[in-house]
Amino acid sequence: MGRRRKKVVHIPKKKLPKFFSCPMCGKETVRVEISRAGDNALTQCSSCGLKEEFPLKTAQGAVDAYCMLTDKIYGPTKTPPATEQ
Ligand SMILES: [Zn+2]
């Protein structure tokens, strides 16, 4: 008796986060939409309205598009967010 445990519903970890943190407003409200053909990515922040479109190369994905977005906002030098003081 009582051997059956209730099923615990785990939310599977996805490879990609659904939302990225916005380089403009800092909120995690940036969504990356890849075009059907996979050669274009639209990054859009629903908080501050930042919207950029980037061409994607083969094998590039949402993360790459997000990197291009942050590069565009922050500039070519990469600034890791963890080093804030
Ligand atoms: Zn934003």
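Reference entry: report on the structure contained in this document. Given the structure is predicted, the values throughout are model-derived calculations rather than measurements. The residue numbering used here restarts from 1 in each chain and proceeds along that chain's sequence as written. It should be noted that, the model being predicted, local features are given only for residues of pLDDT at least 70 and side-chain atom pairs only at 80 or more, the latter also being counted only at that level, while totals for whole chains, interfaces and linings use all residues.

1. Observations regarding the pairing of strand β2 (residues 40-45)
Here comes step 1: Here a residue counts as buried when 20 or more other C-beta atoms fall within 10 Å of its C-beta, as exposed when 12 or fewer do, and as partly exposed in between; the C-beta atoms come from the backbone. Counting from the N terminus, the helices are the DSSP runs of H or I reaching at least four residues and the strands are the DSSP runs of E reaching at least two. Across the two faces of β2 the burial differs, with A41, T43 and C45 buried and N40, L42 and Q44 not buried at all.
Here comes step 2: Pairing between strands is defined by DSSP: at least two bridges between them are needed. Judged from the five bridges that link them, strand β1 (residues 30-34) and β2 form a sheet pairing that is antiparallel. Following the sheet pairing, I34 is matched in β2 by A41.
Here comes step 3: What sits between the antiparallel neighbours β1 and β2 is a turn of five residues, in which G38 has the positive phi angle 80°.
Here comes step 4: In this structure, β2 lies alongside strand β3 (residues 51-55), joined through five bridges in antiparallel fashion. Along β3, the bridge assignment pairs A41 with F54.
Here comes step 5: Between the antiparallel neighbours β2 and β3 lie five residues, among them G49 with a positive phi of about 90°.

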